[in-house]
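Tertiary structure, described
Chain by chain, the residues run as shown.
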Amino acid sequence: MLYRLALRITLDSTESEDIVQETLIKVWNRREQWEQIESIEAFTLTICRNLSLDFLKKKEKRGDVEQMDNETPDKSLNPYEHIIQKDRVQAVKTIIDSLPEKQRSCVQLRDFEGKAYKEIATILDITEQQVKVNIFRARQAIKQKFQEIDNYGL
């Protein structure tokens, strides 16, 4: 779960692994405070999110830009269907990756991680209403951009 969150934010698999390790170290170093923490899961996800955002800030300062594609083929499709599916999946990934950070994080936590609105609000330090608005806007943007791409052609 931590890895997927870090990967969704950073778009860098090796850096995401490092962020997860650093997150777990930070959580372990604060083990004396675990009793006072209401949700250790939300606490851990918040640390992971913050470390991922810190990585992005550092990356922007350096001017690095990387794209990754670790798609595994589906053997049940014929080659034509596989290409179409791969293009559509890549289009959706690109659209999600282009969303503003708050929307991208909300979608990641809700749609990919299955978190409740309250948990997402705690992790991102925003209200539940803001979570709902961000998810709605993100889904609308994804739908609109995908339709534009699909209508134009992949």
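Residues numbered from 1 in each chain as written. Predicted model: local features only at pLDDT ≥ 70, side-chain atom pairs only at ≥ 80, totals over all residues. Heavy atoms only, no water.

Tallying secondary structure elements over the protein gives 7 helices and 0 strands in all. Burial analysis of the protein (154 residues in total) assigns 35% to the buried set. Pairs at least 24 residues apart make up 60% of the contacts formed inside the protein by residues separated by at least 6 positions. Of the roughly 10000 Å² of accessible surface on the protein, a fraction of 51% belongs to carbon and sulfur atoms. (Helix = DSSP H or I, 4+ residues; strand = E, 2+ residues; numbered from the N terminus. Buried < 20%, exposed > 50% of the residue type's maximum accessible area, 1.4 Å probe, protein only. Contact = heavy atoms within 4.5 Å. Areas by Shrake-Rupley, 256 points an atom, 1.4 Å probe, with all protein chains shown as cover.)

Let us look at the packing of aromatic side chains. One pass over the structure, following the stated rule, counts 1 aromatic pair. Between W28 and W34, the ring centres sit 5.9 Å apart and the planes meet at 70°, which makes this aromatic pair edge-to-face. Given the relative accessible area of 49%, W28 is considered partly exposed. Overall, the relative accessible area of 34% leaves W34 in the partly exposed class. (Phe/Tyr/Trp six-rings, centres within 6.5 Å; stacked < 30°, edge-to-face > 60°.)

Here the focus is the side chain of N134. Within the element layout of this structure, N134 appears in helix α7 (residues 128-152). Classification of N134 by relative accessible area gives buried; the value is 14%. Those residues within four positions of N134 in sequence are excluded, and the remaining contacts are K102, Q103, C106 and I126.

Here the focus is the environment of E41. With respect to the helices, strands and loops of the structure, E41 is situated in helix α3 (residues 40-62). Sequence separation of E41 and I123 is 82 residues, and the distance between their C-alpha atoms is 8.8 Å. Discounting chain neighbours no more than four positions away, the residues touching E41 are M1, K115 and E119.

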